[in-house]
Amino acid sequence: MPKVSVIIPTYNQGQYIAQTVKSVLNQTYKDLETVVVIDGSTDNTKSELEQFHGRIKVIEQQNKERAEARNNGARHSSGKYLAFVDSDDVWEPHKLEKQVELLDDNSDISFVYSASNRIDSNGIKIKTARRQTAGYS
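Throughout, residues of each chain are indexed from 1 in the direction in which the sequence is written. Only residues with pLDDT of at least 70 are given local features in this predicted model, and only at 80 or more are side-chain atom pairs given and counted; all residues enter the totals for whole chains, interfaces and linings. Side-chain numbers here rest on the full set of heavy atoms in the structure, without hydrogens or water.

Let's shift gears to the packing of aromatic side chains. Pairing of aromatic rings covers Phe, Tyr and Trp, the last counted by its six-membered ring, and requires centre-to-centre distances within 6.5 Å; plane angles under 30 degrees mean stacked, over 60 mean edge-to-face, and any other angle means tilted. Summed over the entire model, instances satisfying the criterion amount to 0 aromatic pairs. By definition, being over a ring means that NZ of Lys or CZ of Arg is both within 6 Å of the ring centre and within 35 degrees of the ring normal. The ring of W91 has K95 lying over it, and the distance from NZ or CZ to the ring centre is 4.8 Å.

Turning next to the layout of surface pockets. Buried and open spaces are told apart on a 1 Å grid over the protein atoms alone, a cavity being a set of points where a 1.4 Å probe fits but cannot get out and a pocket being an open set with protein on both sides within 12 Å along at least five of seven lines. Residues with an atom within 4 Å of a point are the lining residues. Grid points are joined across faces, edges and corners, and a volume is the space filled by probe spheres set on the points. Volume-wise, the largest pocket comes out at about 580 Å³. Forming the boundary of the largest pocket are 25 residues, of which F84, K95, V112, Y113 and S114 lie nearest the centre. Put simply, DSSP marks the helices as runs of H or I at least four residues long and the strands as runs of E at least two long, and each gets a number from the N terminus on. The dominant element in the lining of the largest pocket, judged by the number of residues it contributes, is helix 4 (residues 95–105), at 5 residues. The residue makeup of the lining of the largest pocket, split by class, is 15 nonpolar, 4 polar and 6 charged. Along its surface, the second largest pocket is lined by 13 residues, and P9, T10, Y11, R66 and S87 are the ones closest to its centre. At the level of secondary structure, the elements contributing two or more residues to the lining of the second largest pocket comprise strand 1 (4–10) and helix 3 (66–75). Residues that form the lining of the second largest pocket fall into these classes: 3 nonpolar, 4 polar and 6 charged. The classification used treats Ala, Val, Leu, Ile, Met, Phe, Trp, Tyr, Cys and Pro as nonpolar, Asp, Glu, Lys and Arg as charged, and all other residues, Gly among them, as polar.

To continue, consider helix 1 (residues 14–25). Helix span, expected: 1.5 Å multiplied by one less than the number of residues in the helix. When the terminal C-alpha atoms of helix 1 are compared, their 17 Å separation across 12 residues agrees well with the 16 Å that a helix rising 1.5 Å per residue should span. When accessible area is computed with a 1.4 Å probe and restricted to protein chains, residues below 20% of their type maximum are described as buried, those above 50% as exposed, and intermediate ones as partly exposed. For helix 1, the tally of buried residues reaches 9 of 12 residues, placing the bulk of the element in the interior. Against strand 1, strand 2 (32–39), helix 2 (45–49), strand 5 (89–90) and strand 6 (116–119) lie the buried residues of helix 1. Every residue pair with non-hydrogen atoms within 4.5 Å of one another is taken to be in contact.

Following this line, the structure appears as structure tokens:
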């Protein structure tokens, strides 16, 4: 059983999906499974994923929106930790390594998150997506 299940919901993101999957498979942290949920795509998403045969799990469903695709991916995952990445984002190579270390070393932490890099169809980073949060005491 892998420690981390990476879930990638996708809908008509054939132009990006291979780059997203590659960024997951190229993580320095290797104890993971990759679950791609095709959420009713009508483009070339499925054919783009064929190059990863045997290295990822692909689930197909009728279009039900991203939240349901994430939940379906979680139901088909076996990792201790769940990690989510959108199908038009890529990860830095050490992302999971740093996050798993933080979670393993701090049992009082329930989840972690980070910024992500948005890319265009040529794999060029167009922006870093960051979320603002409020502090809790």
